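# Observations on the model geometry
Here's the letter readout for the chains.
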Amino acid sequence: MAAWAAGFLVYGLVIGGLANGIGDLVDGNSGTTDVITKMGGQNGLVDAFLVTCIGIMAILASTYGVQAALRLRAEETQQRAEPVLVAAVGRVRWAAGHLLIALAGTAVMMLVSGLAIGVTYGAAAGDVGGKTAEALGAVLVQVPAAWVATGIAVALFGLAPRLALGAWAMVGLFLLLGQLGPLLDLGQAVMDLSPFTHVPKLPGGDMRATPLVVLTAIVAALVGAGLYGFRRRDVTA
């Protein structure tokens with residue numbers, strides 16, 4: 001987690017440093033401006049740039065969550081889980097330790113990057129407090145969407161363990177639909193299959209709590225289904 005957080009810190013510092021001068025960087029390049037606007041929304045170039053970069057960052061954070069969640073399957077197949085589970089530790093308690101790292105770790109990655117973006121962007125713009133608050137809000141709304149991939153990994157682990165690695169395919173699908181969908185001119189109904197499509201486009205966009213509540217409920221249902229399945233199935237090598 002520390003290594004991942006360090007990477008996200010660097011990412012945030014770079015994005016925050018670029019944000020204030022993005023207009024000068026793409027000045028006269030209508031193609032780049034078009035790409036940023038399509039991916040980030042019609043909220044001004046700087047806000048669209050931040051929305052785009054934070055969206056990509058959320059996808060990266062979801063890969064951390066999937067990797068951490070799939071440690072459950074690795075522990076099981078490499079026969080390290082069974083000696084623990086035959087003792088006093090219950091299955092749900094054992095799995096909860098891994099899930100805590102996966103879910104909380106994903107949120108930590110987003111917060112680290114959000115702080116880095118806000119401080120560096122705010123320092124350049126002369127408004128550290130305001131820009132940091134905006135950046136933190138923008139990254140926090142992405143967390144429920146990033147958790148969905150972790151929830152899928154847990155559900156597959158519990159219900160169809162041999163297909164658990166399929167969670168990586170879902171991360172790739174979410175990247176294709178949620179981030180690259182506008183560039184590929186995919187239909188809205190197709191892009192809506194990605195949880196990241198439903199997240200408010202902050203900063204600059206309208207804040208809507210309903211999608212975040214729904215996404216969190218979906219994550220809870222996926223995790224609950226995975227834990228239920230794990231409690232009822234055999235531990236396999």
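Sequence positions are assigned chain by chain, starting from 1 and proceeding in written order. Since the coordinates come from a predicted model, pLDDT governs what is reported: local features require at least 70, and pairs of side-chain atoms require 80 or more to be given and counted, while whole-chain, interface and lining totals use all residues. Note that water and hydrogens are dropped before the side-chain values are worked out from all heavy atoms of the structure.

### Some thoughts on the pattern of salt bridges
As a working rule, side chains carrying opposite charge can pair if their charged atoms are close by. Only one rule defines a salt bridge in this text: a Lys or Arg side-chain nitrogen within 4 Å of an Asp or Glu carboxyl oxygen. Under the counting rule described, the total for this entry stands at four salt bridges. A salt bridge links Glu76 to Arg73; the shortest N-O distance between them is 3.0 Å. With a gap of three residues between them, Glu76 and Arg73 both fall in helix 5 (residues 71-77), about one helical turn apart. Note on exposure labels: buried denotes an accessible area under 20% of the residue type's maximum, exposed denotes more than 50%, and partly exposed covers the range between, all computed with a 1.4 Å probe on protein chains only. By relative accessible area, Glu76 is classed as buried at 2%. A salt bridge links Arg80 to Glu75; the shortest N-O distance between them is 2.7 Å. On the basis of relative accessibility, which here comes to 39%, the residue Arg80 falls in the partly exposed class. Counting from the N terminus, the helices are DSSP H or I runs at least four residues long and the strands are E runs at least two residues long.

### A look at the packing of aromatic side chains
Stacked, tilted and edge-to-face pairs are distinguished by plane angle, under 30 degrees for stacked and over 60 for edge-to-face with tilted covering the rest, among Phe, Tyr and Trp rings (Trp via its six-membered ring) whose centres lie within 6.5 Å. All chains considered together, the criterion is met by five aromatic pairs. Summarising the aromatic geometry, the rings of Trp4 and Tyr64 are spaced 5.3 Å apart at their centres and angled 65 degrees between planes, so their arrangement reads as edge-to-face. Here Tyr64 lies in helix 4 (residues 45-69) and Trp4 lies in helix 1 (residues 2-19), a separation of 60 residues in the sequence. In this structure an aromatic cluster arises from ring pairing among Trp4, Phe8 and Tyr64. Two conditions define a charge located above a ring, namely a distance within 6 Å from the ring centre to NZ of Lys or CZ of Arg, and an angle within 35 degrees of the ring normal. If you follow Arg91 out to its NZ or CZ, it ends over the ring of Phe230, 5.1 Å from the centre. Over the face of the ring belonging to Phe157 we find Arg233, whose NZ or CZ atom lies 4.9 Å from the ring centre.

### Side note on helix 7 (residues 91-125)
Across its 35 residues, helix 7 extends 51 Å between first and last C-alpha, which sits within 8% of the 51 Å expected from 1.5 Å per residue. Consider a residue and the seven residues that end there alongside the seven that start there; fitting an axis to each set, the bend is the angle between those axes. Along its length, helix 7 shows its largest kink, about 25 degrees, at His98. Gly126, located one to two residues past helix 7, shows a positive phi value of around 80 degrees. Expected span of a helix, by definition, is 1.5 Å for each gap between consecutive residues, and there is one gap fewer than residues.

### So, a nonpolar patch on the surface
A cluster of nonpolar side chains, namely Val35, Leu173, Leu175, Leu176, Leu180, Leu183 and Leu184, defines an oily patch on the protein surface of about 500 Å² accessible area. The dominant element in the nonpolar patch, judged by the number of residues it contributes, is helix 10 (residues 166-179), at three residues. Looking at the secondary structure, you find Leu183 in the loop between helix 10 and helix 11 (188-191). Put simply, a patch holds well-exposed residues, over 30% relative accessible area, that have no salt bridge, with like charges counted together within 9 Å and Val, Leu, Ile, Met, Phe, Trp or Tyr side chains within 5 Å. The Shrake-Rupley method, run with a 1.4 Å probe, gives the accessible areas here. Residue values count only the displayed protein chains as cover.

### What to know about the nonpolar core
Throughout this description, the term nonpolar core refers to a set of buried Ala, Val, Leu, Ile, Met, Phe, Trp, Tyr and Cys residues connected via side-chain atoms within 4.5 Å. One finds Phe49, Leu50, Val66, Trp94, Met110, Phe174 and Phe196 to be the most contacted residues of the largest nonpolar core, which totals 59 residues. When residues of this core are traced back to their parent elements, those giving at least two are helix 1, helix 4, helix 6 (81-85), helix 7, helix 8 (128-140), helix 9 (143-159), helix 10 and helix 12 (210-232). Sorting elements by how many residues they give to this core places helix 4 first, with 13 residues.

### Quick notes on the packing of helix 1 against helix 4
Each pair of packed helices gets described by two things: the angle between the helix axes and the distance between those axes. The angle between two axes is taken between their N-to-C directions and runs from 0 to 180 degrees, where each axis is a line fitted to C-alpha atoms and a helix contributes only its stretch in contact. It is the contact of helix 1 with helix 4, at a shortest axis distance of 11 Å, that shows an interaxial angle of 175 degrees. Judged by the angle between their axes, helix 1 and helix 4 are roughly antiparallel. Here Trp4, Phe8, Tyr11, Ile15, Leu18 and Ala19 of helix 1 come into contact with helix 4, specifically with Val46, Phe49, Leu50, Cys53, Ile56, Met57, Leu60, Ala61, Thr63, Tyr64 and Gln67. Residue polarity follows a fixed list, in which Ala, Val, Leu, Ile, Met, Phe, Trp, Tyr, Cys and Pro are nonpolar, Asp, Glu, Lys and Arg are charged, and the others, Gly among them, are polar. Per-class residue counts for the contact of helix 1 with helix 4 are 15 nonpolar, two polar and no charged. Every angle not falling under 35 degrees, over 145, or within 65 to 115 is termed oblique; those three ranges are roughly parallel, roughly antiparallel and roughly perpendicular. The contact rule is simple, with two residues in contact once any of their heavy atoms fall within 4.5 Å.

### Observations concerning the side chain of Glu75
Relative to the helices and strands, Glu75 resides in helix 5. Pairs of N or O atoms within 3.5 Å make up the polar contacts considered here, provided that, within protein, one atom can donate a hydrogen while the other can accept it, and that residues adjacent in sequence are counted only when both atoms are side-chain atoms. Side-chain polar atoms of Glu75 contact the side chain of Arg80, separated by 2.7 Å. Discounting chain neighbours no more than four positions away, the residues touching Glu75 are Arg80, Ala81, Trp94 and His98.

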